[in-house]
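A structural walkthrough
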Amino acid sequence: MPSVGSVDELKQILSDEQVVTSGAAMRAYDCDAYPLDKSKPFAVVFPRNTEEVSRVVRWCGETETPFVPRGAGTGLSGGALAAKGGVVISTKGMTQLLELDVENRVARVQSGHVNLKLTQAASEHGLYFAPDPSSQSVSTLGGNIAENSGGPHTLKYGVTAQHVFGLTMVGFDGEVIELGGPIADHPDSPFIDLIVGSEGTVGIVTEAWVKLSPDPAAVETVLASFSSTRAACETVAAIISVGIVPAALEIMDRKVCEAVKAAFGLEYPEGSEALLLIECDGEPEAALTEIQEVRRICEAQGSIGLQVAADEEERAQLWKARKKGIGALGRIAPTLVTHDGVIPRSKLPEMLDFVSKVGSEHGLITANIFHAGDGNLHPVLCFDEREPGMIHAAETAGQKIIEKCIELGGSITGEHGVGVEKLDAMKVMFSEDDLRLQMEVRSIFHQSELCNPCKVLPNQKGCVEHMRRWRGAAT
Ligand SMILES: Cc1cc2nc3c(=O)[nH]c(=O)nc-3n(C[C@H](O)[C@H](O)[C@H](O)COP(=O)(O)OP(=O)(O)OC[C@H]3O[C@@H](n4cnc5c(N)ncnc54)[C@H](O)[C@@H]3O)c2cc1C
């Protein structure tokens with residue numbers, strides 16, 4: 001474990017400016033966007049390239065210091081917190097776009113590159129990076145790869161895994177591993193698939209080859225209002241059942257509408273209990289035909305208002321509730337826990353009723369803003385963590401919601417990962433044998449307990465103690 005001289009050693013490996021240990025900085029890095037677990041690292045380091053990451057990881061191995069990869073810290077399951085202390089390895093200094101190969105529609109990036117910046121750089125060539133988590137203006141490609149992130153448009157275009165062709169990764173012992181390259185279907189692809197979505201538990205991704213997609217020729221966007229969330233959910237099922245796969249199908253409930261109305265002055269038809277945002281894209285004629293059919297279905301399902309975007313400006317306006325919704329919910333309560341589960345689309349109405357009931361039973365305000373097209377729910381639990389008992393109430397309600405997802409034939413996470421948040425849920429979802437098998441898969445990469453310990457797989461040793469100590473000390 002780190003000793004008195006450790007900071008000096010790290011500064012020799014990197015430089016003074018690349019190693020931070022101040023109390024204020026440690027507080028800034030004691031959690032990610034999941035607010036219920038906190039744990040203080042010993043140091044945060046900012047390497048600039050693969051070689052520097054490798055040197056830090058080797059030092060961690062020699063000194064038996066746990067290490068945790070971290071991008072922008074927008075993760076919603078506690079994946080980037082230092083559960084056993086140790087060193088947080090930030091990719092903040094690794095933001096370069098190394099190659100933009102327009103002809104082959106691929107890019108090579110350092111893992112700290114911000115998602116949206118890649119699309120901005122590619123846009124002058126009529127290209128973009130399709131996975132678009134709602135955090136895309138800040139979250140990094142390394143974080144997106146680690147979480148196998150989705151987003152509004154991944155319903156049609158596929159999640160991050162389908163857009164990663166190659167990786168450079170520093171393994172648990174500092175070894176640099178190169179996999180794949182600028183082409184799809186490389187012989188290494190099955191190994192890349194194991195790493196994407198592994199939540200930083202098998203190594204630190206330092207660079208990636210990613211696919212770029214051509215901008216669609218036309219985009220058609222509609223915002224439909226409904227007098228009940230049930231009607232909005234049933235409309236989602238009706239659209240998919242006629243064979244249309246929209247580029248996006250997103251629902252926001254009344255609480256979200258109220259929050260964005262208060263924050264940005266957005267107006268929706270009187271009596272709106274839910275908004276359904278639908279986007280169709282492709283060749284102009286095809287996109288237009290699809291959106292006309294979508295409008296017909298919305299009307300048949302009793303929509304009480306349809307807003308159609310006439311141009312890019314209006315489209316951005318219709319997207320505002322979706323893009324700014326979670327931020328606006330900060331007006332309702334100081335603490336937000338955004339859950340993430342998946343259920344069959346047909347069960348959405350039943351599940352939303354359940355979320356609301358569990359929320360009231362535990363004294364929580366609930367709001368819902370989610371990727372309805374793929375049944376990926378995001379119930380947001382809103383409360384004040386300073387009020388006695390509320391953290392426990394939110395944890396209990398969250399666990400009940402996730403268990404209900406399993407009961408309805410779904411899964412404990414669609415895109416935010418397991419992190420530390422859903423360790424207990426893993427035990428409900430998987431049998432002991434399943435969990436052992438998953439641990440064996442991890443051991444293909446390493447058997448060390450130093451690489452992002454206490455994440456994803458339950459029953460790892462000494463994990464709860466550090467977090468409890470830090471939580472206790474901090475309050
Ligand atoms: C407002 C808001 C909206 C969001 N919307 C979405 C959404 O639509 N879809 C979605 O999928 N998620 C969403 N998220 C969750 C989050 O933004 C994503 O999981 C994102 O991919 C995390 O990226 P990050 O750079 O912030 O990673 P971090 O939070 O820093 O890290 C996340 C995990 O990745 C690991 N990691 C980070 N970098 C690396 C690396 N280089 N190598 C190996 N492991 C690494 C960390 O150890 C951690 O386990 C949202 C979050 C917020 C706050």
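Residues numbered from 1 in each chain as written. Predicted model: local features only at pLDDT ≥ 70, side-chain atom pairs only at ≥ 80, totals over all residues. Heavy atoms only, no water.

Topic: the overall build of the protein
- On a plain count of helices and strands, the protein comes out with 16 helices and 20 strands.
- Computed over the C-alpha atoms, the radius of gyration of the protein is 22 Å, within 12% of the 23 Å expected from 2.2 N^0.38 for a compact globule of 475 residues.
- Considering only C-alpha atoms, the protein reaches an extent of 70 × 60 × 45 Å along its principal axes.
- Relative to its full complement of 475 residues, the protein shows a buried share of 55%.
- Across the protein, the fraction of contacts at a sequence separation of at least 24, relative to all contacts at a separation of at least 6, is 73%.
- Total accessible area on the protein is roughly 19,700 Å²; 51% of this is exposed by carbon and sulfur atoms.
- Taken together, the 42 basic and 65 acidic charged side chains of the protein have centroids lying 6 Å from each other. (Helix = DSSP H or I, 4+ residues; strand = E, 2+ residues; numbered from the N terminus. Rg over C-alpha atoms; globule rule 2.2 N^0.38 Å. Buried < 20%, exposed > 50% of the residue type's maximum accessible area, 1.4 Å probe, protein only. Contact = heavy atoms within 4.5 Å. Areas by Shrake-Rupley, 256 points an atom, 1.4 Å probe, with all protein chains shown as cover. Lys, Arg positive; Asp, Glu negative; His and termini not counted. Charge placed at Lys NZ, Arg CZ, Asp CG, Glu CD.)

A short note on the sheet that holds strand β10 (residues 204–211)
- Read across the sheet, 5 strands follow the order β5-β6-β10-β8-β9 without closing on themselves; strand pairing throughout is antiparallel. Each of the sheet's edge strands pairs with one partner strand only, and the pair in question is β5 (97–101) and β9 (176–180). Ignoring which end each strand starts from, the neighbouring axes of this sheet average 10° apart. (Pairing = 2+ DSSP bridges. Axes fitted to C-alpha atoms, helices over the stretch in contact; angles between N-to-C directions.)

Some thoughts on the side chain of R322
- Secondary-structure assignment places R322 in helix α11 (residues 312–329).
- Within the structure, R322 has its side chain in polar contact with the side chain of E250 (distance 2.5 Å).
- In contact with R322, not counting residues within four places along its chain, are S134, E250, M252, L277, I369, F370 and H371. (Polar contact = N/O pair within 3.5 Å; in protein donor to acceptor, adjacent residues only side chain to side chain.)

What to know about the packing of aromatic side chains
- Under the criterion given, the structure shown has 1 aromatic pair.
- Judged by centre distance (6.3 Å) and plane angle (70°), the rings of Y29 and F46 are edge-to-face. In this pair, Y29 sits in the loop between α2 (23–28) and β2 (43–45) while F46 sits in the loop between β2 and α3 (50–63), placing the two residues 17 residues apart along the sequence. The two residues Y29 and F46 agree in class, both being buried. (Phe/Tyr/Trp six-rings, centres within 6.5 Å; stacked < 30°, edge-to-face > 60°.)

Remarks on the domain arrangement of the protein
- You can read the domains of the protein as domain 1 (97–214), domain 2 (217–329) and domain 3 (333–423).
- For domain 2 versus domain 3, the distance between C-alpha centres works out to 22 Å.
- With 17 residues of domain 2 at the contact, the number on the domain 3 side is 19 residues.
- Taking both sides of the interface into account, the surface hidden between domain 2 and domain 3 amounts to around 1,600 Å²; carbon and sulfur atoms contribute 68%.
- Run the count over domain 2 and domain 3 and you get 1 salt bridge.
- Residue D353 is joined to R230 by a salt bridge in which the shortest nitrogen-to-oxygen separation is 3.4 Å.
- Counting the contacts that link domain 2 with domain 3 gives 6 residue pairs in polar contact (both at pLDDT 80 or more).
- Going through the elements one at a time, α8 (229–241), β13 (248–253), α9 (254–264) and α11 are the ones with two or more residues in the side of domain 2 that touches domain 3.
- Classifying every residue of the side of domain 2 that touches domain 3 by side-chain character gives 10 nonpolar, 2 polar and 5 charged. (Domains from an automatic or database assignment. Buried area = accessible area lost by both parts, 1.4 Å probe. Salt bridge = Lys/Arg side-chain N within 4 Å of Asp/Glu carboxyl O. Nonpolar A, V, L, I, M, F, W, Y, C, P; charged D, E, K, R; others polar.)

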